Structures are given as C-alpha cells and as structure tokens.
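Single-letter residue listing:
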Amino acid sequence: MAWIMALTATFVVGISKAGIKGVAIINVTLMALAFGAKESTGLVVPLLILADIFAVVYYNRHCQWSYILRFLPWIIVGILIGVFIGMDLDEQTFKIGMAIIILGSVVMMYWWDRKKTKNVPSHWSFAGFIGVLAGITTMIGNLAGAFSNIFFLAMRLPKNEFIGTAAWLFLIINLFKLPFHIWAWGTITPETLLINLKLAPAIFLGLFVGVRLVKIIKEDFYRKMILVLTALGAIMILIK
C-alpha cells in the first residue's frame, strides 16, 4: 500500500510540474502517509528537482524573471527560518495552522478575482508575507505551492507565464533546500535516493499527462481550478 501511495504521489508531482497547479498538496499528503511526515519531506525533493528540470526546459520561454526576483529573496528567508523551527515543530499544530492559512488565502483570492478593479498588489509587504510563509512551508512540508499560487494569481499572470515562472522559481528553491535535507536534517540518504530511482518513471508519466491537460484547459477555468484544488489540498492536510 505504501508503494501504491508513493507511486501515485510521484505521478501527481509530474502532473503538477507540467502546469496543473494545486494538486501538489495531494502528493505531500500521500508521501507523508507512505513514509512519515518529516522523512517524506526530504525523500520527495530529488523527485521535485527532476520534474522541475523538465518544466524549466519545456516552459522556459514563458518565464517572467521580474516576479521571481521580487518573490525569491523572501522565500529564502522563510526557508532559513524553516530549517531551525522544523527540527522540533509539533506536527499537529503545523497542520492546523497551515490549513487555516491556505484556506484563508484561497478565500482572499476568490474575493480578489471578483473585485471590479484588477489592480495587482504592488507593496513589498505582500510579496514579503506570502514569500516568507512559502519558504517556511516548503522547508517543513513542501507546501510552498499553495502560497506561490496565491502570489502568481494575485499578479494575474496568464496561464503559460504562470507555469514558466513557477517552474524556474521552484527549481531554484528545491536546489537551495537540498543541502539542508542532506546535512542538517539527514532526510536525504543513499537509501532514499534508491527509492527515488524506483519512483522516477511515475514522474515522466505524470509530466506526459500534465502537458496534455494544460493544453486543453482554458485560461479562466485554469484560475478557478487552481483555487479549488488548493482549497481541497488544505482540507486534506487538516484531516490527514
């Protein structure tokens, strides 16, 4: 059963990195059930990097570097905070807090989408607040996707620009996290890399399916889909 959940989670990683944002929280939940909460956070990072490389190659021409430069420094700050607090963090408290924050963010973005004015947040505090939360949660539970979705939706990036910018952002983030998982937490080992090797084919299957799904999803529906999937993911974390 653990291997079925792990293969399903890896397939979902591929779909998510191909552009179906919001479903990545399903992978976090399944991996935690299969291997344990903290152990799974490190085990999945090499798989994420593998999928990120594909996404960067495929969507590179759509990347908007100005948004990465605005968002990335705050995420790095959050990751460094997460390295320290993640060692002794109570998992139940983290799950409840995370679900509340993500659901609150989804409500905020739904309200934002229905506003008459289409101005995007320009104050540094918006990128700072969302970025630090993304950094902490990506280090502790690979949950930054929900917060990056909120940020890029708020910036009103079109579908392909959204995917291409997120692809580069997460490749940089996951490479930055790698040393902390290897030497600080010890959650990436030769044993976990062997598991990654066995799971890797599911990544490519997910990428193949995800690319084709992205092509047939319309722009307006894509935004609504991300909000719904992000909200469902938060509920899954809460009840996991």
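Since the structure is predicted, the reported quantities are computational estimates derived from the model, not experimental observations. (Residues numbered from 1 in each chain as written. Predicted model: local features only at pLDDT ≥ 70, side-chain atom pairs only at ≥ 80, totals over all residues. Heavy atoms only, no water.)

With respect to the overall build of the protein chain
Secondary structure assignment for the protein chain yields 11 helices and 0 strands. Ordered by position in the sequence, the α and β elements of the protein chain form the string α-α-α-α-α-α-α-α-α-α-α. Its C-alpha radius of gyration of 16 Å places the protein chain within 12% of the 18 Å reference for a compact globule of 240 residues. Principal-axis analysis of the C-alpha atoms gives the protein chain an extent of 50 × 40 × 30 Å. (Helix = DSSP H or I, 4+ residues; strand = E, 2+ residues; numbered from the N terminus. Rg over C-alpha atoms; globule rule 2.2 N^0.38 Å.)

Observations regarding the confidence of the model for the protein chain
Taken over all residues, the pLDDT of the protein chain has a mean of 84, while the share at 70 or more is 91%. Per-element mean pLDDT across the protein chain ranges from 71 in helix α6 (residues 91–114) up to 94 in helix α5 (residues 65–85). (pLDDT = per-residue confidence, 0-100.)

Topic: the UniProt feature "transmembrane region" (unreviewed entry) in the protein chain
UniProt annotation of "transmembrane region" (unreviewed entry) refers to residues 42–60, 67–87, 93–112, 124–154, 166–186, 193–215 and 221–239 when read in the numbering used here. Helix makes up 90% of residues 67–87 and strand 0%. Its end C-alpha atoms lie 31 Å apart. (UniProt positions renumbered as here; feature names shortened; annotations may be inferred.)

Describing the packing of helix α1 (residues 2–17) against helix α10 (residues 190–216)
One way to put it is that α1 packs onto α10 with a least axis distance of 6 Å and a crossing angle of 45 degrees. On the basis of their axis angle, the class for α1 and α10 is oblique. Relative to α10, the crossing made by α1 is right-handed. Listed contacts from α10 to W3, A6, L7, T10, F11, V13, G14, I15 and K17 of α1 are I195, K198, L199, A202, I203, L205, G206, L207, V209 and G210. Each residue belonging to the contact of α1 with α10 can be placed in one class, and the counts come to 13 nonpolar, 4 polar and 2 charged. (Axes fitted to C-alpha atoms, helices over the stretch in contact; angles between N-to-C directions. Parallel < 35°, antiparallel > 145°, perpendicular 65-115°, else oblique. Left-handed = near helix turned anticlockwise from the far one by under 90°. Contact = heavy atoms within 4.5 Å. Nonpolar A, V, L, I, M, F, W, Y, C, P; charged D, E, K, R; others polar.)

Brief notes about the pattern of salt bridges
By the definition in use, this model includes 1 salt bridge. A salt bridge links D52 to K17, with the nearest nitrogen and oxygen atoms 2.8 Å apart. Note that D52 is positioned in helix α4 (residues 45–59) and K17 in helix α1, a separation of 35 residues in sequence. Since its relative accessible area comes to 0%, D52 is described here as buried. (Salt bridge = Lys/Arg side-chain N within 4 Å of Asp/Glu carboxyl O. Buried < 20%, exposed > 50% of the residue type's maximum accessible area, 1.4 Å probe, protein only.)

Regarding the packing of aromatic side chains
If you walk through the whole model with that rule in mind, you get 10 aromatic pairs. Ring geometry for W65 and W168: centres 5.2 Å apart, planes at 50 degrees, overall tilted. Placement of W65 in helix α5 and of W168 in helix α9 (residues 159–184) is noted, with a sequence separation of 103 residues between them. Under the relative-accessibility criterion, W168 is labelled partly exposed at 22%. Among the aromatic residues, ring-to-ring pairing joins F71, F126, F151, F152 and F162 into one connected group. Lying across the ring of F208, R212 places its NZ or CZ 3.8 Å from the centre. (Phe/Tyr/Trp six-rings, centres within 6.5 Å; stacked < 30°, edge-to-face > 60°. Lys NZ or Arg CZ within 6 Å of the ring centre and 35° of its normal.)

What about α10?
With 27 residues, α10 should cover 39 Å at 1.5 Å per step; its first-to-last C-alpha distance of 40 Å lies within 8% of that length. Those residues of α10 not exposed but buried are T192, I195, N196, L199, A200, A202, I203, G206, L207, G210, V211 and V214. Where α10 is buried, its residues meet α1, α2 (24–35), α3 (37–43), α4 and α9. (Expected span 1.5 Å × (residues − 1).)

Here we look at empty space enclosed by the protein
All chains considered together, the criterion is met by 1 cavity of 30 Å³ or more. Of the voids in this model, the largest cavity is the one considered here, and its volume is about 280 Å³. Lining of the largest cavity is provided by 21 residues; of these, S16, K17, A24, G145 and F170 occupy positions nearest its centre. Tallying contributions element by element places helix α8 (residues 144–154) first for the lining of the largest cavity, with 5 residues. Looking at the lining of the largest cavity residue by residue, the class counts come to 9 nonpolar, 9 polar and 3 charged. (1 Å grid on protein atoms, 1.4 Å probe; cavity = no way out; pocket = protein on both sides within 12 Å on 5 of 7 lines; lining within 4 Å. Points joined across faces, edges and corners; volume = space filled by probe spheres on them.)

Some words on the packing of α5 against α9
Two elements in contact, α5 and α9, have axes whose closest approach is 10 Å; the angle formed by their N-to-C orientations is 20 degrees. One way to sum up the angle between α5 and α9 is to call them roughly parallel. Every pair of crossing elements has a handedness; the one defined by α5 and α9 is right-handed. Of the residues in α9, those in contact with W65, Y67, I68, F71, L72, I75, I76, I79, L80 and V83 of α5 are T165, W168, L169, I172, I173, F176, K177, F180 and A184.

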